[in-house]
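Residues per chain, in single letters:
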Amino acid sequence: RQRDLEKTRKLGGDALAVVGRREDEARLLKANDEEKASVLEQLRKVSRQVYLEKREKQKLEEARDDVRDEEYLFGDVELTAREKEER
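From a predicted model like this one, the values you see are computed outputs, not experimental measurements.

Moving on, we come to the confidence of the model for the protein. Detail in the predicted coordinates should be disregarded across regions flagged by low pLDDT. The predicted model of the protein has a mean per-residue pLDDT of 80, with 75% of residues at 70 or higher. Element-level mean pLDDT values for the protein span from 65 in helix α2 (residues 13-30) up to 90 in helix α3 (residues 33-74).

To continue, consider the environment of Arg-27. Here Arg-27 lies in helix α2. Residue classification places Arg-27 among the partly exposed residues on the basis of a relative accessible area of 43%.

Taken as a whole, the largest pocket encloses approximately 240 Å³ of empty space. Val-67, Glu-70, Glu-71, Phe-74, Gly-75, Val-77, Glu-78, Leu-79, Glu-83 and Arg-87 are the residues that line the largest pocket. Looking at the lining of the largest pocket, the element that brings in the most residues is α3, giving 4 residues. Here the residues of the lining of the largest pocket sort into 4 nonpolar, 1 polar and 5 charged.

Reading guide: rules and limits
- Residues numbered from 1 in each chain as written.
- Predicted model: local features only at pLDDT ≥ 70, side-chain atom pairs only at ≥ 80, totals over all residues.
- Heavy atoms only, no water.
- pLDDT = per-residue confidence, 0-100.
- Helix = DSSP H or I, 4+ residues; strand = E, 2+ residues; numbered from the N terminus.
- Buried < 20%, exposed > 50% of the residue type's maximum accessible area, 1.4 Å probe, protein only.
- 1 Å grid on protein atoms, 1.4 Å probe; cavity = no way out; pocket = protein on both sides within 12 Å on 5 of 7 lines; lining within 4 Å.
- Points joined across faces, edges and corners; volume = space filled by probe spheres on them.
- Nonpolar A, V, L, I, M, F, W, Y, C, P; charged D, E, K, R; others polar.

As structure tokens, then:
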């Protein structure tokens, strides 16, 4: 029994979201027009939230990469008085 539990695959957050979406899609196929509109709206909201989370992480990583690039390329360059004021 313990060995079975160890070998059992655990569902993570993304996998649970996929399962939830599949359940919503199955419910959508059986629903009437009003229910379909409601479910579609919920699916859009969830999809948008997931997208925005991924995009935020991506943009933060891009900004970090830009800073690293500038430090690498211009790290040993003397700043002008104007550049020092801007910092």
